[in-house]
Structures are given as C-alpha cells and as structure tokens.
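# Structural description and commentary
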Amino acid sequence: MHVAAAELPPLGTGLVAAALLRRASVAVVVALLVPAVVWLTVFGGILVDKPSPGGDLTVGSHNVNQADPDPAGTARSLLAAGADVLALEELSPTTAPAYERALADAHPYHFQQGTVGLWSVHPLRDARAVPIMPWTRAMRATVDAPGGRPAVYVARLPSVRVGLSGFTARARDEALDLLVAEVRGEP
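Quick notes on the rules
Residues numbered from 1 in each chain as written. Predicted model: local features only at pLDDT ≥ 70, side-chain atom pairs only at ≥ 80, totals over all residues. Heavy atoms only, no water. Pairing = 2+ DSSP bridges. Helix = DSSP H or I, 4+ residues; strand = E, 2+ residues; numbered from the N terminus. Axes fitted to C-alpha atoms, helices over the stretch in contact; angles between N-to-C directions. Polar contact = N/O pair within 3.5 Å; in protein donor to acceptor, adjacent residues only side chain to side chain. Contact = heavy atoms within 4.5 Å. Parallel < 35°, antiparallel > 145°, perpendicular 65-115°, else oblique. Left-handed = near helix turned anticlockwise from the far one by under 90°. Nonpolar A, V, L, I, M, F, W, Y, C, P; charged D, E, K, R; others polar.

### Things to note about the sheet that holds strand β3 (residues 109–113)
The strand order across the open sheet formed by four strands is β1-β2-β4-β3, and the pairing between neighbours is mixed. Of all strands in the sheet, those with a lone pairing partner are β1 (59–63) and β3, marking the two edges. Taken pair by pair, the neighbouring strands of this sheet meet at an average axis angle of 10°, ignoring direction. For β1 and strand β2 (residues 85–89), the ladder comprises five bridges, and the chain directions are parallel. Among the inter-strand pairings, N63 is bridged to a residue of β2, identified as E89.

### Concerning the side chain of R140
Turning to its location among the elements, R140 is positioned in strand β6 (residues 138–143). One polar contact links R140 to T142, side chain to side chain, over a distance of 2.9 Å. Not counting residues up to four positions away in its chain, the partners in contact with R140 are R125, D126, A127, R128, V130, A151, V152, Y153 and E186.

### Let's talk about the packing of helix α3 (residues 71–80) against helix α4 (residues 96–103)
Following both chains from N to C, one finds α3 and α4 inclined at 40°, their axes separated by 9 Å at the closest point. Judged by the angle between their axes, α3 and α4 are oblique. At the point where α3 passes α4, the crossing takes the right-handed sense. Along its contact with α3, which presents P71, A72, T74, A75 and L79, the element α4 presents A98, Y99, A102 and L103. Residues of the contact of α3 with α4, tallied by class, amount to eight nonpolar, one polar and no charged.

Right, here's the structure in full:
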C-alpha cells in the first residue's frame, strides 16, 4: 500500500504515517477516523439543506460577485431556488441593471442601496440605507409578508485584510458593531 502524505489531511498525516510504518491497521483506521469525526462534528451541519415546514416566508441571500460575467444566468439560478425575498450583495453599476431586469417579473418589489439590494414578491416598506461604513454596503427594509412584517437586513461587511503587521479586522469589527446596534433597535 502506498500513501502520499500530500493526499492526507494535515491533522492525521503524522498519525497515519506512524501507523503505516508500524503496520498497525487499527491505528491507521483510528488516525483517519478521529480527524474525520471531529471535522464532521464541527462542519457537518453546513453540508445539509435546512428547510423546515411551516414557514410562510423564504429568504435567500447571495454574494453575486461584482465581476460576475453572467448576471442573467446567476439570476435564473437564484429564481430556481424559489425564495420569496432575495438579498444580493456585491452589486456593481454594471451588474445591478442586469439583476433588475432578470428579477423584475418574479420579484417586482425592489430596493437597492450602494452594493446591496433586495428583491421581493411581497411589497417592501421603509427601505433605507444602514450606515455601517463610509460607503453604502448595508440596507434594511420591512417586508409585507403574509404572516407579518419582518425587518430584513442586507449587508456586505468589509473583508479581513492582511498587512505588514498581519491580519486586521478592525474595519469589519467596527461595521459589525454598527450593524448589531441597528438590529438591536428593531421592534
């Protein structure tokens, strides 16, 4: 049996190599299973679809990538998901009109502010920008949904940056603090 270390997860590589050298098949299985079980315990829940029965409003969110070469195709995929409300992040002056055209028939209620937008099958009220940064990357609207009027937020937080001093998340943390304060003020 030939095992290349580059093909194994970093956590188990040393354990598997040691077990193979000793020809301990039980140790090989344990060395492979333990990291897999830990990984599945931590991240496994994100691999399954989570719809649940009984809801009366389905909301979808998608970072559409401002450089998307096919916004109409992306819009078709979003529509296929069947969401009542679509929250889109990273809209650009080039792509936003394409999304407006592609989503207009199915989601006639629309509000866009800066690089974020909201499309809905239900009327939108009180739509406004949420100031979390010097430029607009967050908005809020009330959806007149069948079961009530939830406030919906769409936000694109700043990215974590790498500089000479390492990772910096200050801009992201500050924007998140402002967004959290806004959400906490919701009735």
